[in-house]
Amino acid sequence: MNQLPLILLLVGLSTVLAKPKDPKDRVIPEYLHAPLKDLHDECVEESKVDPKLLEKCLDREVPDIREVKCYIDCLLRKSMVYDDKGSVDFRRVRYVVPNDVYYILDHLQKECGHINEPDGCETAYKSAKCFFDAHEATLEFCHLLIFDYKFE
(Lines give C-alpha, C1' and ligand atoms only; values in the text may rest on other atoms or scores of the structure.)
Protein backbone atom coordinates (compact mmCIF):
# COMPACT_ATOMS: atom_id res chain seq x y z
CA MET A 1 0.00 0.00 0.00
CA ASN A 2 1.32 3.44 -0.95
CA GLN A 3 2.24 5.44 2.15
CA LEU A 4 3.22 8.61 0.29
CA PRO A 5 -0.01 10.52 1.13
CA LEU A 6 0.45 9.64 4.81
CA ILE A 7 4.04 10.78 4.85
CA LEU A 8 3.26 14.00 2.98
CA LEU A 9 0.35 14.90 5.22
CA LEU A 10 2.30 14.19 8.39
CA VAL A 11 5.46 15.95 7.26
CA GLY A 12 3.32 18.94 6.31
CA LEU A 13 1.59 18.84 9.68
CA SER A 14 4.93 18.47 11.46
CA THR A 15 6.25 21.46 9.56
CA VAL A 16 3.39 23.76 10.46
CA LEU A 17 3.12 22.65 14.07
CA ALA A 18 6.81 23.35 14.53
CA LYS A 19 6.50 26.89 13.15
CA PRO A 20 5.45 30.05 14.97
CA LYS A 21 1.72 30.69 15.33
CA ASP A 22 1.87 34.01 13.50
CA PRO A 23 0.39 33.47 10.02
CA LYS A 24 3.10 35.51 8.36
CA ASP A 25 5.67 33.02 9.70
CA ARG A 26 3.96 29.87 8.45
CA VAL A 27 6.01 28.22 5.74
CA ILE A 28 5.48 24.98 3.87
CA PRO A 29 8.72 23.72 2.31
CA GLU A 30 8.85 23.81 -1.48
CA TYR A 31 9.03 20.04 -1.86
CA LEU A 32 5.62 19.67 -0.17
CA HIS A 33 3.68 22.22 -2.26
CA ALA A 34 2.63 20.03 -5.17
CA PRO A 35 2.03 16.76 -3.27
CA LEU A 36 -0.09 18.40 -0.57
CA LYS A 37 -2.01 20.40 -3.13
CA ASP A 38 -2.57 17.19 -5.13
CA LEU A 39 -3.91 15.40 -2.05
CA HIS A 40 -6.18 18.34 -1.27
CA ASP A 41 -7.39 18.60 -4.86
CA GLU A 42 -7.98 14.87 -5.10
CA CYS A 43 -10.12 14.91 -1.95
CA VAL A 44 -12.00 18.04 -3.09
CA GLU A 45 -12.81 16.29 -6.37
CA GLU A 46 -13.75 12.99 -4.71
CA SER A 47 -15.99 14.60 -2.10
CA LYS A 48 -17.37 17.36 -4.37
CA VAL A 49 -16.91 19.84 -1.51
CA ASP A 50 -16.96 23.58 -2.10
CA PRO A 51 -13.45 24.63 -0.95
CA LYS A 52 -14.93 27.78 0.63
CA LEU A 53 -16.69 25.52 3.16
CA LEU A 54 -13.30 24.22 4.30
CA GLU A 55 -12.29 27.73 5.36
CA LYS A 56 -14.82 27.55 8.19
CA CYS A 57 -12.27 25.46 10.07
CA LEU A 58 -10.40 28.72 10.72
CA ASP A 59 -13.22 29.47 13.15
CA ARG A 60 -12.86 25.96 14.60
CA GLU A 61 -16.07 25.00 12.83
CA VAL A 62 -16.59 21.77 10.93
CA PRO A 63 -19.72 22.22 8.82
CA ASP A 64 -22.26 19.44 9.19
CA ILE A 65 -22.40 18.95 5.43
CA ARG A 66 -21.91 15.59 3.74
CA GLU A 67 -19.28 16.86 1.29
CA VAL A 68 -17.15 18.34 4.10
CA LYS A 69 -17.42 15.12 6.07
CA CYS A 70 -16.35 13.06 3.07
CA TYR A 71 -13.46 15.44 2.30
CA ILE A 72 -12.09 14.79 5.80
CA ASP A 73 -12.68 11.06 5.34
CA CYS A 74 -10.73 11.16 2.08
CA LEU A 75 -7.74 12.86 3.75
CA LEU A 76 -7.71 10.38 6.62
CA ARG A 77 -8.24 7.38 4.39
CA LYS A 78 -5.55 8.36 1.89
CA SER A 79 -3.23 9.16 4.78
CA MET A 80 -3.84 5.68 6.14
CA VAL A 81 -4.66 6.69 9.71
CA TYR A 82 -7.74 4.49 10.03
CA ASP A 83 -7.32 1.21 11.89
CA ASP A 84 -8.89 -2.08 10.79
CA LYS A 85 -12.13 -1.17 12.59
CA GLY A 86 -12.45 2.21 10.89
CA SER A 87 -11.37 4.43 13.80
CA VAL A 88 -8.62 7.04 13.56
CA ASP A 89 -5.43 5.53 14.98
CA PHE A 90 -2.48 7.90 15.05
CA ARG A 91 -0.30 5.18 16.59
CA ARG A 92 0.04 3.88 13.05
CA VAL A 93 2.11 6.95 12.17
CA ARG A 94 4.35 7.05 15.23
CA TYR A 95 7.46 6.26 13.22
CA VAL A 96 6.91 9.14 10.76
CA VAL A 97 6.47 12.17 13.02
CA PRO A 98 8.91 13.86 15.41
CA ASN A 99 8.32 13.54 19.16
CA ASP A 100 7.29 17.18 19.58
CA VAL A 101 4.42 16.61 17.15
CA TYR A 102 3.60 13.07 18.18
CA TYR A 103 2.63 14.19 21.70
CA ILE A 104 -0.22 16.16 20.07
CA LEU A 105 -1.30 13.16 18.00
CA ASP A 106 -1.07 10.95 21.09
CA HIS A 107 -3.34 13.35 22.96
CA LEU A 108 -5.82 13.38 20.07
CA GLN A 109 -5.71 9.58 20.00
CA LYS A 110 -6.57 9.35 23.68
CA GLU A 111 -9.39 11.87 23.38
CA CYS A 112 -10.86 10.88 20.03
CA GLY A 113 -9.62 7.40 19.06
CA HIS A 114 -12.85 5.77 20.27
CA ILE A 115 -14.99 7.38 17.57
CA ASN A 116 -16.28 4.87 15.07
CA GLU A 117 -19.42 5.19 12.99
CA PRO A 118 -20.74 2.77 10.35
CA ASP A 119 -20.13 5.50 7.74
CA GLY A 120 -16.51 6.64 7.21
CA CYS A 121 -17.58 10.21 6.47
CA GLU A 122 -19.40 10.38 9.82
CA THR A 123 -16.37 8.92 11.65
CA ALA A 124 -14.14 11.54 10.01
CA TYR A 125 -16.53 14.38 10.83
CA LYS A 126 -16.97 13.43 14.47
CA SER A 127 -13.23 12.84 14.82
CA ALA A 128 -12.43 16.27 13.35
CA LYS A 129 -14.88 17.96 15.72
CA CYS A 130 -13.29 16.07 18.60
CA PHE A 131 -9.80 17.11 17.45
CA PHE A 132 -10.77 20.78 17.58
CA ASP A 133 -12.18 20.35 21.08
CA ALA A 134 -9.21 18.31 22.29
CA HIS A 135 -6.22 20.40 21.23
CA GLU A 136 -5.69 23.95 19.99
CA ALA A 137 -2.90 22.84 17.63
CA THR A 138 -5.58 21.25 15.45
CA LEU A 139 -6.20 24.74 14.09
CA GLU A 140 -2.76 24.55 12.46
CA PHE A 141 -3.94 21.51 10.53
CA CYS A 142 -6.82 23.64 9.23
CA HIS A 143 -4.38 26.28 8.01
CA LEU A 144 -2.44 23.58 6.22
CA LEU A 145 -5.56 22.26 4.49
CA ILE A 146 -6.61 25.61 3.13
CA PHE A 147 -3.05 26.57 2.24
CA ASP A 148 -3.05 29.62 4.48
CA TYR A 149 0.75 29.59 4.49
CA LYS A 150 3.61 31.32 2.79
CA PHE A 151 5.59 29.15 0.42
CA GLU A 152 9.37 29.14 0.53
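Residues numbered from 1 in each chain as written. Predicted model: local features only at pLDDT ≥ 70, side-chain atom pairs only at ≥ 80, totals over all residues. Heavy atoms only, no water.

### Things to note about the overall build of the protein
The following threshold applies: Labels follow the DSSP assignment, with helices taken as runs of H or I lasting at least four residues and strands as runs of E lasting at least two, numbered in each case from the N terminus. Buried means the residue's accessible area, taken with a 1.4 Å probe over protein chains only, is under 20% of the maximum for its type, while exposed means over 50%, and partly exposed covers the values in between. What makes two residues a contact is simply this: any of their non-hydrogen atoms within 4.5 Å.
The secondary structure content of the protein amounts to seven helices and two strands. Helices (α) and strands (β) of the protein occur, in sequence order from the N terminus, as α-β-α-α-α-α-α-α-β. The buried share of the protein, reckoned over its 152 residues, is 50%. Residue pairs in contact within the protein that sit at least 24 positions apart in sequence constitute 66% of those at least 6 positions apart.

### A closer look at the packing of aromatic side chains
Using the following cut-off: Paired rings are identified among Phe, Tyr and Trp, the last through its six-membered ring, by centres lying within 6.5 Å, and are further divided according to the angle between planes into stacked (under 30 degrees), edge-to-face (over 60) and tilted (the rest). Lysine and arginine charges are scored as sitting over a ring when NZ or CZ, respectively, is within 6 Å of the ring centre and within 35 degrees of the ring normal.
Inspection of the entire model under this criterion finds zero aromatic pairs. For lysine 69, the ring lying beneath its charged end belongs to tyrosine 125, and the centroid distance is 4.6 Å.

### Details of the state of the cysteines
Counted only if it meets this: The definition used for a disulfide is geometric: two cysteine sulfur atoms within 2.5 Å.
In total, this model carries three disulfides according to the counting rule given. Between the sulfur of cysteine 43 and that of cysteine 74 lies a disulfide, 2.1 Å long from S to S. Between cysteine 43 and cysteine 74 the sulfur-sulfur dihedral comes to about -75 degrees; the bridge is accordingly left-handed. Linking cysteine 43 in helix α2 (residues 30-47) with cysteine 74 in helix α4 (residues 66-78), this pair joins segments that are 31 residues apart in sequence. For the pair cysteine 43 and cysteine 74, a shared accessibility class is recorded, and that class is buried.

### Some remarks on helix α6 (residues 120-134)
Condition: Multiplying 1.5 Å by the helix residue count minus one yields the expected span of that helix.
Over its 15 residues, α6 runs 20 Å from end to end, which matches the ideal 21 Å to within 8%, given 1.5 Å per residue. Buried within α6 are the following residues: Cys121, Thr123, Ala124, Tyr125, Ser127, Ala128, Cys130, Phe131 and Phe132.

### Comments concerning α4
For α4, with 13 residues, the first-to-last C-alpha span of 18 Å sits near the 18 Å given by 1.5 Å per residue. In the stretch just after α4, methionine 80 is the one whose phi turns positive, near 60 degrees.

### Observations concerning the side chain of lysine 69
Positionally, lysine 69 belongs in helix α4. Those residues in contact with lysine 69, other than ones at most four positions away along the chain, are Asp64, Cys121, Glu122, Ala124 and Tyr125.

### Considerations on the nonpolar core
Put simply, the test is: To qualify as a nonpolar core, a set must consist of buried Ala, Val, Leu, Ile, Met, Phe, Trp, Tyr and Cys residues joined through side-chain atoms within 4.5 Å.
Residues Val62, Tyr71, Ile72, Leu76, Val88 and Phe90 are the most contacted members of the largest nonpolar core, which totals 31 residues. For this core, the elements supplying multiple residues, two or more each, are α2, α4, α5 (99-112) and α6. Excluding residues that lie within four positions of it along the chain, isoleucine 72 makes contacts with Val62, Ala124 and Ala128.

### Considerations on the confidence of the model for the protein
What counts here: On a scale of 0 to 100, pLDDT captures the predictor's confidence in every residue.
Summary statistics for the protein give a mean pLDDT of 76 and a share of 66% for residues scoring 70 or more. Across the protein, element-level confidence peaks in α4 with a mean pLDDT of 91 and bottoms out in strand β2 (residues 150-151) with 42. Of the regions scoring below 50 in pLDDT, residues 14-20 engages in 18 contacts with residues more than four places distant in sequence or in other chains.

### Points about the environment of histidine 114
We count it as follows: Polar contact is the term for a pair of N or O atoms within 3.5 Å; when the atoms are in protein, one must be able to donate a hydrogen and the other to accept it, and sequence-neighboring residues count only if both atoms are side-chain atoms.
Residue placement: histidine 114 occurs in the loop between α5 and α6. Polar contacts involving the side chain of histidine 114 include one to the main-chain carbonyl oxygen of glutamate 111, which spans 3.4 Å.

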